Amino acid sequence: MKTNRFYLFTIIFLIVLLGYLLFRIVNPFLTSIIWATVITIIFFPLYSLLLKYLKRDYLAASLTVITVIAFILGPFTYFAILLATELGHLSRLLTEERLTYLKDLLSSPKVAGVFIYLEKNFGITQEKITSEVITNISSLSRTIINNVTAGLSNILGIAINFILMIFTLFFFLIGGPFYLKKGLEYLPFSEYEKKRLICLVRDIVVSTIYGGVIVALIQATIGGLAFWMLGVPAPVVWGSAIAIASFIPLLGAFSVWGPIALYLFLTGSVLKGFILTAIGALGISTIDNVLKPIIIGSRTKMPTIVLFFSVLGGIKEFGLLGLIAGPLVVALFIAVIEIFRKMEQER
C-alpha cells in the first residue's frame, strides 16, 4: 500500500512539475497558438473542400494559409493605418487649446436648461461641469497619443506573433484531427462527453466569431460610412468604437451613435442628426437583433450578462483574443462542472 502511494505521489509530482515547465516553455507563444487554433476551426471547412479536390494535404493547407494571409493582411493593415492616422488627428483636436468650440457649446442657451436643473437639484455648477469635461477630454487625448505610440513601437512583436501563428496554422490544418484525437485520449470522460466538449468549443468559437465579431464589424462599417458621409470627424475611430460597444448589453452601438446624434442636434445640424438617428435606429442597432439569431441558430447560447462579463474579463486578461477566450473558458468551466455533476448522480 505504501509503495502504491509513493508511486502515485511521485507520478502526480512529476506531472505537476513537468506541466509547469511545459507551460513556461509554451507561454511566450501561447497567443499565437490559440489564434492558430481559432482560425483552424474557422477555416477547416475550406481546407477540407480543397483537400477533397487537390488530394494533397500540404497543397490544400498552403492555399488555405494564403487565403488567411490575404484576408487578414489586406483589409486589416489598411484599417490599422487609417485608425492610427485618425487617432493622431483626433488627439490633436482634443487638446485644451483647440477645445474653444466645446466651451462655447457648453455655454450656449441650448444646454443652459440642463445646467440650471443640475445646479438646482444636485448643486453642480456649470463652471465645474465645463472644467471637468475639458480636463477629462484633454486627458483622453494624452492617453490616445501614448497608446498609439506604444502600439507602433510593438509592430515587430506583432509581426513575429503573426508569423508564428501562420506557421502553427499550417500544421494544425494538416494534423488537426490527429492532434485532437490524441488530446481527447487523455481526458477522463466518456466518448459522449468528449464529443459534447468538442461541439461546445466549436459552437462557442463559431457563435463568437460569426454571431459577435462579424455582426460588430458590419455595425462598425455602417456606422463608419454614416459618420463619413455626414462629415463627422474621425469616422474610423467612431466606427471602431461601435464595434467594441456592440458587445455591451442593452445599450450596444447606441452608446456611440446616440451621443454623436445628440451633438449634431445641439450644434444646429438638425438634418444630419435626424439622418444619423434613422441610420442608427433602423440600420446599426437592428442588425444585432436580426442577424445574431440567424447566425447562431440553435448553437450554444450564453445569458447576456454572462457573455458581457466573460468578454470584458477576457479582453482585460488576453487582449483582443479575449473576445473568444473569455466566453470559451466560461463555457468549458460550466460544461466540465456539469459533467462531474452527472457523474456523481449516476453513482
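Residues numbered from 1 in each chain as written. Predicted model: local features only at pLDDT ≥ 70, side-chain atom pairs only at ≥ 80, totals over all residues. Heavy atoms only, no water.

Examining the packing of helix H9 (residues 235–245) against helix H10 (residues 254–266)
Counted only if it meets this: Axis definition: a line fitted to C-alpha atoms, limited for helices to the stretch in contact. Angles are taken between N-to-C directions and run from 0 to 180 degrees. Secondary structure elements are taken from DSSP: a helix is a run of H or I of four residues or more, a strand is a run of E of two residues or more, and numbering for both begins at the N terminus. The labels follow the angle: roughly parallel below 35 degrees, roughly antiparallel above 145, roughly perpendicular from 65 to 115, and oblique for the rest. Residue contacts are counted whenever heavy atoms from the two residues lie within 4.5 Å of one another. Residue classes follow a fixed rule: Ala, Val, Leu, Ile, Met, Phe, Trp, Tyr, Cys and Pro count as nonpolar, while Asp, Glu, Lys and Arg count as charged, and any other residue, Gly among them, counts as polar.
Two elements in contact, H9 and H10, have axes separated by 8 Å at closest approach and are oriented at 140°. Considering their axes alone, H9 and H10 lie oblique with respect to each other. Within the contact between the two elements, H9 uses Trp238, Ala241, Ile242 and Ala245 and H10 uses Ser255, Val256 and Ile260. Class assignment for the residues of the contact of H9 with H10 results in six nonpolar, one polar and no charged.

What about a nonpolar patch on the surface?
For clarity, the threshold we go by: What makes a patch is a set of residues exposed beyond 30% relative accessible area and free of salt bridges, joined within 9 Å when like-charged and within 5 Å when nonpolar (Val, Leu, Ile, Met, Phe, Trp, Tyr). Calculation of accessible area relied on Shrake-Rupley with a 1.4 Å probe; when residues are assessed, cover is drawn exclusively from the protein chains displayed. The rule for a salt bridge is simple: a side-chain nitrogen of Lys or Arg has to be within 4 Å of a carboxyl oxygen of Asp or Glu. Accessible area is worked out with a 1.4 Å probe on protein chains only. A residue is then buried under 20% of its type maximum, exposed over 50%, and partly exposed in between.
On the surface, Phe13, Leu14, Leu17, Leu18, Tyr20 and Leu21 cluster together into a nonpolar patch covering about 590 Å² of accessible area. With respect to the helices, strands and loops of the structure, Leu14 is situated in helix H1 (residues 2–26). Relative accessible area serves as the criterion here: at 39%, Leu14 is assigned to the partly exposed category.

Section: the pattern of salt bridges
As a working rule, side chains carrying opposite charge can pair if their charged atoms are close by. Per the stated rule, a full pass over the model turns up one salt bridge. The salt bridge involving Glu185 is made with Lys182; its shortest N-O contact spans 3.9 Å. You can see Glu185 and its partner Lys182 sitting in helix H7 (residues 155–185), three residues apart, about one turn around the helix. Residue Glu185 is classed as partly exposed on the basis of its relative accessible area of 46%.

Let's talk about the packing of aromatic side chains
For clarity, the cut-off: Pairing of aromatic rings covers Phe, Tyr and the six-membered ring of Trp, with a centre-to-centre limit of 6.5 Å; geometry is then stacked below 30 degrees between planes, edge-to-face above 60, and tilted otherwise.
One pass over the full model with this rule turns up eight aromatic pairs. A ring pair is formed by Tyr58 and Phe170, whose centres lie 5.8 Å apart and whose planes are at 45°; its orientation type is tilted. Here Phe170 lies in helix H7 and Tyr58 lies in helix H3 (residues 57–93), a separation of 112 residues in the sequence. According to the relative accessible area criterion, Phe170 is buried, its value standing at 17%. An aromatic cluster is built from Tyr58, Phe167, Phe170 and Phe171, whose rings are joined through pairwise contacts.

In short, the description is geometric, and any link to function would need to be established separately.
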